[in-house]
Amino acid sequence: MVHGAFCGGWAFDAFRQPFEAAGYCCIAPNLRGHGAQSRGSDVAGASMSDYAADIAALIQAEPTPPILIGHSLGGLVAQMAAAKARVAALVLLAPSAPWGVAGASLEEAASALGLYALGPFWAQAVQPDHAVARLYSLDKMDYGERDAITCRMTAESGRALFETLNWWLDPFLTTQVDATRIRAPAFAAAGAHDLIHPPAHVQVFEGMSHWLIGEAGWEAVAQSCLDWLTVQGV
């Protein structure tokens with residue numbers, strides 16, 4: 001299970017429980033620079049290709065191809081990793097889109113352009129904006145849950161954010177994904193009210209927003225994933 005920006009493996013603390021109850025062994029690693037012992041500056045300069053390479057290495061270390069689940073920016077990391085290493089199935093929850101997919105909302109454009117207010121953010125470790133997280137990512141959580149999550153958020157790589165949100169300015173096409181290299185069935189879901197990554201050609205969960213792994217209704221998302229995995233026989 002691959003977490004999104006500003007988070008860690010802890011983001012899946014609740015979401016992993018139904019999978020473990022169903023008999024799956026779940027691993028929710030921290031992307032590089034995101035661990036509890038990491039300093040905020042540790043993530044500076046990390047590329048999406050670094051994240052993907054780390055996850056691909058974990059996949060290749062498994063005795064059999066695992067199921068790969070990614071949320072938000074972690075959904076894009078999962079796509080990139082699945083193009084490098086064989087997986088049994090790919091589950092994408094409110095995923096960031098790969099290179100070449102234009103944003104569909106004003107909020108997506110604002111997210112991409114707003115980072116420039118920080119200066120050369122691509123060379124920095126970007127601190128989480130708790131107000132923005134509460135308003136757009138955690139908007140369907142109650143206030144206590146929002147605070148519990150934002151207080152655990154850590155710095156994110158400005159370079160990774162640039163490669164994801166400002167992909168059209170990236171001459172290296174870092175987040176481009178060759179779909180022909182992903183030889184596994186894929187399931188994608190989004191909340192109907194998600195303003196960060198609005199639903200397109202994915203399963204839509206009405207009444208939900210971006211934090212599909214923890215807001216009210218997450219159990220239905222997990223069950224839909226489990227049902228789909230059962231159909232796929234993995």
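Our subject is the structure listed above.
Everything numeric in this text was worked out from a predicted model, so none of it was measured.

Chemist: It is not clear to me how the overall build of the protein chain should be interpreted in this structure. Could you clarify?
Modeler: When you go through the protein chain residue by residue, the secondary structure sums to 8 helices and 6 strands. Counting helices and strands in the order they occur from the N terminus, the protein chain gives α-α-β-α-β-α-β-α-α-β-α-β-β-α. Relative to the compact-globule value of 17 Å for 234 residues, the protein chain shows a C-alpha radius of gyration of 16 Å, a close match. Principal-axis analysis of the C-alpha atoms places the extent of the protein chain at approximately 50 × 40 × 35 Å. Going through the 234 residues of the protein chain one by one, you find that 48% of them count as buried. Excluding contacts between residues fewer than 6 apart, the proportion of contacts in the protein chain whose partners are at least 24 apart in sequence is 64%. Of the roughly 10,900 Å² of accessible surface on the protein chain, a fraction of 56% belongs to carbon and sulfur atoms. Of the side-chain charges in the protein chain, 12 are positive and 22 negative, and the distance between the mean point of each set is 8 Å.

Chemist: Sorry, what's going on with the pairing of strand 1 (residues 67-71) here?
Modeler: Looking along a regular strand, one sees side chains alternate from face to face of the sheet. Summarising burial for strand 1: 4 of the 5 residues are buried, a large majority. Of the strand pairs in this sheet, strand 1 and strand 2 (residues 89-93) are connected by 5 bridges, and their pairing is parallel. Residue pairing across strands places I67 opposite A89, the latter belonging to strand 2. Taken together, strand 1, helix 3 (residues 73-82) and strand 2 form a β-α-β motif whose crossover is right-handed.

Chemist: Even after reading the chapter, I still don't get the state of the cysteines, so can you show me in this structure?
Modeler: As used in these notes, a disulfide is a covalent bond between sulfur atoms, one from each of two cysteines. Considering all chains together, one arrives at 0 disulfides under this definition. Cysteine C151 remains unbridged, with the sulfur of C7 as its closest cysteine sulfur at 12 Å. Judged by relative accessible area, which is 58%, C151 ranks as exposed. C225 takes part in no disulfide bond, and the closest cysteine sulfur, belonging to C26, lies 11 Å away.

Chemist: For this particular structure, what's the right way to read the sheet that holds strand 5 (residues 186-191)?
Modeler: What the 4 strands build is an open sheet, ordered 1-2-5-6; its pairing is parallel. For this open sheet the edge positions go to strand 1 and strand 6 (203-205), each flanked by a neighbour on one side alone. Strand after strand, the sheet turns through a mean of 20° between neighbouring axes, direction not considered. Here strand 5 pairs with strand 6 via 3 bridges, running parallel. In the sheet register, A190 faces strand 6, and the bridge partner there is V204. Against the sheet, helix 3 makes contact with strand 1 and strand 2, and its axis sits at roughly 145° relative to strand 1, the strand it touches most. Packing of helix 8 (residues 218-232) onto the sheet brings it into contact with strand 1, strand 2, strand 5 and strand 6, and relative to strand 2 it is tilted by some 160°.

Chemist: Quick question: what am I supposed to make of the side chain of S72 here?
Modeler: Of note, S72 is situated in the loop between strand 1 and helix 3. Those residues in contact with S72, other than ones at most four positions away along the chain, are G4, L93, A94, P95, S96, H197 and H210.

Chemist: Would you take a moment to explain the packing of helix 2 (residues 48-61) against helix 3 for this structure?
Modeler: When two helices pack together, their arrangement is given by the angle between their axes and by how far apart the axes lie. Direction vectors running N to C along helix 2 and helix 3 enclose 60°, while the axes themselves pass 8 Å from each other. Relative to helix 3, the element helix 2 is oriented oblique. For helix 2 against helix 3, the interelement crossing comes out right-handed. Of the residues in helix 3, those in contact with M48, S49, Y51, A52, I55, A56 and I59 of helix 2 are L73, L76, V77, M80 and A81. Taken together, the residues of the contact of helix 2 with helix 3 break down into 11 nonpolar, 1 polar and no charged.

Rules and cut-offs
Residues numbered from 1 in each chain as written. Predicted model: local features only at pLDDT ≥ 70, side-chain atom pairs only at ≥ 80, totals over all residues. Heavy atoms only, no water. Helix = DSSP H or I, 4+ residues; strand = E, 2+ residues; numbered from the N terminus. Rg over C-alpha atoms; globule rule 2.2 N^0.38 Å. Buried < 20%, exposed > 50% of the residue type's maximum accessible area, 1.4 Å probe, protein only. Contact = heavy atoms within 4.5 Å. Areas by Shrake-Rupley, 256 points an atom, 1.4 Å probe, with all protein chains shown as cover. Lys, Arg positive; Asp, Glu negative; His and termini not counted. Charge placed at Lys NZ, Arg CZ, Asp CG, Glu CD. Pairing = 2+ DSSP bridges. Right-handed = clockwise from strand over helix to strand, strands pointing away. Disulfide = S-S within 2.5 Å. Axes fitted to C-alpha atoms, helices over the stretch in contact; angles between N-to-C directions. Parallel < 35°, antiparallel > 145°, perpendicular 65-115°, else oblique. Left-handed = near helix turned anticlockwise from the far one by under 90°. Nonpolar A, V, L, I, M, F, W, Y, C, P; charged D, E, K, R; others polar.

Structural measurements only, silent on function.
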